[in-house]
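For reference, the chains in residue letters:
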Amino acid sequence: MESMTPISCPTTPRWNQDRPFLTGRFHQETRASSKFADSKRFTLDSSSSSGVEQAIGCYDTPVQELIVIDDLLSALVGIEGRYISIKRFHGKEDSIAFQVDPSMDLALQELAKRIFPLCEYYLLIDQFVESSSQFKNGLVNHAFAAALRALLLDYQAMVAQLEHQFRLGRLSIQGLWFYCQPMMGSMRALAAVVQQASTKHFVGSGVLNLLQSQAKAMAGDNSVRSLLEKMTECASNAYLSILERWVYEGIIDDPYGEFFIAENRSLKKESLSQDSTAKYWSQRYSLKDTIPGFLANIAATILTTGKYLNVMRECGHNVQVPISERSKLTIFGSNHHYLECIKAAHEFASIELVNLIKDKYDLIGRLRSIKHYLLLDQGDFLVHFMDIAREELNKKVHEISVEKLQSLLDLALRTTAAAADPRHEELTCCVDRASLLTTLGMHKDPDSNSIEDPMSITGLETFSLSYKVQWPLSIVISKKALSKYQLIFRFLFHCKHVERQLCGAWQIHQGIRSMNSKGTAIPRSSLLCRSMLKFISSLLHYLTFEVLEPNWHVMHDRLQSTRSVDEVIQHHDFFLDKCLRGCLLLLPDVLKKMEKLKSVCLQYAAATQWLISSSIDINSQSHPQKTMIRDTTVTESIFNFEREFNSELQSLGPVLSKGSQAEPYLTHLSQWILGVSKE
């Protein structure tokens, strides 16, 4: 991913274009005025008196040699001579060629043509130095160009020494070729690099990777390989300076966007409490596609090191890797010492951040608090809340006042054991607009007959709790993580509601135990109520003691030994995902069956008062014909509830048995459910 921040570069001074001979730009320019002269250069006759030169073939061979050496010395630094010209070819790839006067002695032509490649390499490298020194090409190209410029200075000094020897009459064309040969391989390799870098517009990592690949390709030529490695080291210095600030301070100082870590400044840390996808931690800083080859294996470590330091800085803790543990990063030598430095910086940043969120921000305590409230670990406040908020929760979703629910929740928290918890004030109420199945995307089954009517949903199906989490704990307990807690809470909360309704129905049955119920449907209703209570109680027991508690203890133990925030996030997400699956929320077939069973239980509990009162009326002596009709209706209703409940329970058994093959934790629930259906 590329950085979202646009890169602005200073403009090149105007005098670079206006005065090309100050910068070497004249090598890149083709003068229109010289085209005709170039084509006629070798055909003009000349004499010293007239000032017009003649073809070189008019001179003797010794004189030709002197003239050719003089022109070659100019050509070696990219300047045309009297009888050697520069020809430029424009196309997909611009190229340069040197030409000689065809009247020149053939032996001299042959020797001159051997030296021409070196002249062409010099021009290519010089042009690259000029073009890549512009601001827009980035620090790596600037550093590479500076190293090439230093090399060209040595090259020009050598040409000056050869010219001095020529002026003293000690240089022949064979001697010139002898001195040029050692540089040919190095200049050829550098010219290939700069030509490829220019053609493909490489910057940053691309240049470093190109230099490294060329150095490896020259493994058989030690001098060329050493030169390319030296160039790589020089070019990488600027890049490693950016890397040092990132792994030692957590700051990206990358003015030209060359670093392989992109920063998306549009993502703020506050988004962690609002964005359900939790993009901040994974996308605020991310790896680009182009990574230097020597950092590819440790790129992820580098990314997390800077992220950890950045988090601490945003917390107001200006933590940096201690000076004693810092070291100048270099690529070559010291047996890859830079890798050891990066690993040391990563270990320091990891431990510091984990200690910060564990000790100062009490991560474990905050997770335990969320467990108390959202996973109903301590449910005394919830019982009180459900009592005092019953009327509001029974309303349709669009009629519910969230503010009233919040005040009732605050009252329940202040008047129960939760008041002793200083974090209870972080709890807030929220009401969704859809049922749990719809939220999980499980109402899209074309075979399902249950089409959800938004107007029929009450607060009991949509009520949930939320929890305020501040930075930096929001890295771990993000909006995405909280939404998973809320899904579990909604399922548990509704199960608790079903259990309370069935308990109310059971109490009604217990209230008439002293009456003579022989010949009525009361005993059968009592058995059905007990079966339903056992179903919902065992389901809650399974959710609490076989899913939530064991997984919580596993996560808690793992968090004690974590050494990085990414491990903390991984363990926490693993805990939530395992709880979601264990609580059946990721198993559509099983969850739909459970919701149907709960619906039957609620319908039965709601009808219990009518069923009982109708049955009691049977024993009175008034209106015997009317009571007999109602008794038959009551009996049929109880039979219908019993038949529907047992049918759903029986059909749930095979679904659980099938699911237990892929999800072994369903085995206990499956055994229990089959046991209930046989009662």
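About the criteria used
- Within each chain, residues carry numbers counting from 1 in the order of the written sequence.
- Per-residue local features of the predicted model are confined to residues with pLDDT of at least 70, and side-chain atom pairs are confined, for both listing and counting, to 80 or more; whole-chain, interface and lining totals are unaffected and use all residues.
- Neither water nor hydrogens contribute to the side-chain values; these are computed over all heavy atoms in the structure.
- We define a salt bridge as a side-chain nitrogen of Lys or Arg found within 4 Å of a carboxyl oxygen belonging to Asp or Glu.
- The classification of residues rests on relative accessible area computed with a 1.4 Å probe and restricted to protein chains. Under 20% of the type maximum is buried, over 50% is exposed, and intermediate values are partly exposed.
- What counts as a ring pair is set by centres within 6.5 Å for rings of Phe, Tyr and Trp (its six-membered ring), and what kind of pair is set by the plane angle: stacked under 30 degrees, edge-to-face over 60, tilted for all other angles.
- For helices the rule is a DSSP run of H or I covering at least 4 residues; for strands it is a run of E covering at least 2, with both sets numbered from the N terminus onward.
- One fitted axis covers the seven residues ending at a residue, a second covers the seven starting there, and the bend at that residue is the angle between these axes.
- Side-chain atoms within 4.5 Å are what join buried Ala, Val, Leu, Ile, Met, Phe, Trp, Tyr and Cys residues into a set we call a nonpolar core.
- Contact definition: two residues touch when any of their heavy atoms are within 4.5 Å.
- Residues adjacent in sequence count toward polar contacts only when both atoms are side-chain atoms; beyond that, a polar contact is any pair of N or O atoms within 3.5 Å, and within protein one must be able to donate a hydrogen and the other to accept it.
- Helix span, expected: 1.5 Å multiplied by one less than the number of residues in the helix.

Draft legend 1. Expanded view of the pattern of salt bridges. If you walk through the whole model with that rule in mind, you get 20 salt bridges. The partner of Arg-245 in a salt bridge is Asp-253, and the shortest N-O contact between them spans 3.5 Å. Taking the relative accessible area as the measure of exposure, Arg-245 reaches 28% and is therefore partly exposed. The salt bridge partner of Asp-377 is Lys-371, with a shortest N-O separation of 3.2 Å. Accessibility expressed as a relative area gives 8% for Lys-371, which makes it buried. Connected through salt bridges with shared partners, the residues Asp-70, Glu-163 and Arg-167 form a single ionic network.

Draft legend 2. Quick peek at the packing of aromatic side chains. All chains considered together, the criterion is met by 16 aromatic pairs. With centroids separated by 5.1 Å and ring planes inclined at 20°, the aromatic side chains of Tyr-122 and Tyr-155 adopt a geometry described as stacked. Placement of the pair is Tyr-122 in helix α4 (residues 106-132) and Tyr-155 in helix α5 (residues 138-167), with a sequence separation of 33 residues. The buried category is assigned to Tyr-122, whose relative accessible area is 2%. With 5.1 Å between their ring centres and 55° between their planes, Trp-246 and Tyr-285 make a pair best called tilted. Pair noted here: Trp-246 is in helix α8 (residues 222-249) and Tyr-285 is in strand β4 (residues 285-287), with a separation of 39 residues, a long-range link. Of the two residues, Trp-246 and Tyr-285, neither departs from the other in class, the shared state being buried. An aromatic cluster of three or more residues is present, and its members are Phe-385, Phe-463, Phe-489 and Phe-493.

Draft legend 3. Quick look at helix α6 (residues 173-199). Along its length, α6 reaches its greatest deviation from straightness, about 45°, at Met-183. Positive backbone phi, at 55°, marks His-201, one or two positions downstream of α6.

Draft legend 4. The arrangement of the nonpolar core in detail. Of all hydrophobic cores here, the largest spans 199 residues; its most connected members are Leu-76, Phe-144, Leu-295, Ile-302, Phe-385 and Leu-539. The leading source of residues in this core is helix α19 (residues 522-560), at 15 residues. In this view, Phe-144 contacts Phe-128, Val-193, Val-194, Val-207, Leu-211, Met-231 and Ala-235; residues no more than four positions away in its chain are not counted.

Draft legend 5. Structural context of the environment of Glu-392. As for its placement among the helices and strands, Glu-392 is situated in helix α14 (residues 390-393). For the pair formed by Glu-392 and Gly-459, sequence separation is 67 residues and the distance between their alpha carbons is 7.5 Å. Residue contacts for Glu-392: discarding those within four places in its chain leaves Glu-399, Ile-400, Ser-401, Lys-404 and Leu-405. Separated by 2.8 Å, the side chain of Glu-392 and the backbone nitrogen of Ser-401 make a polar contact.

Draft legend 6. Here's a closer look at helix α12 (residues 363-374). With 12 residues, α12 should reach 16 Å at 1.5 Å per residue; the first-to-last C-alpha distance of 16 Å fits that figure. By the criterion of burial, α12 is predominantly enclosed, with 11 of the 12 residues buried. Among the residues making up α12, those that are buried are Leu-363, Ile-364, Gly-365, Arg-366, Leu-367, Ser-369, Ile-370, Lys-371, His-372, Tyr-373 and Leu-374. One or two residues past the end of α12 sits Leu-376, with phi positive at roughly 55°.

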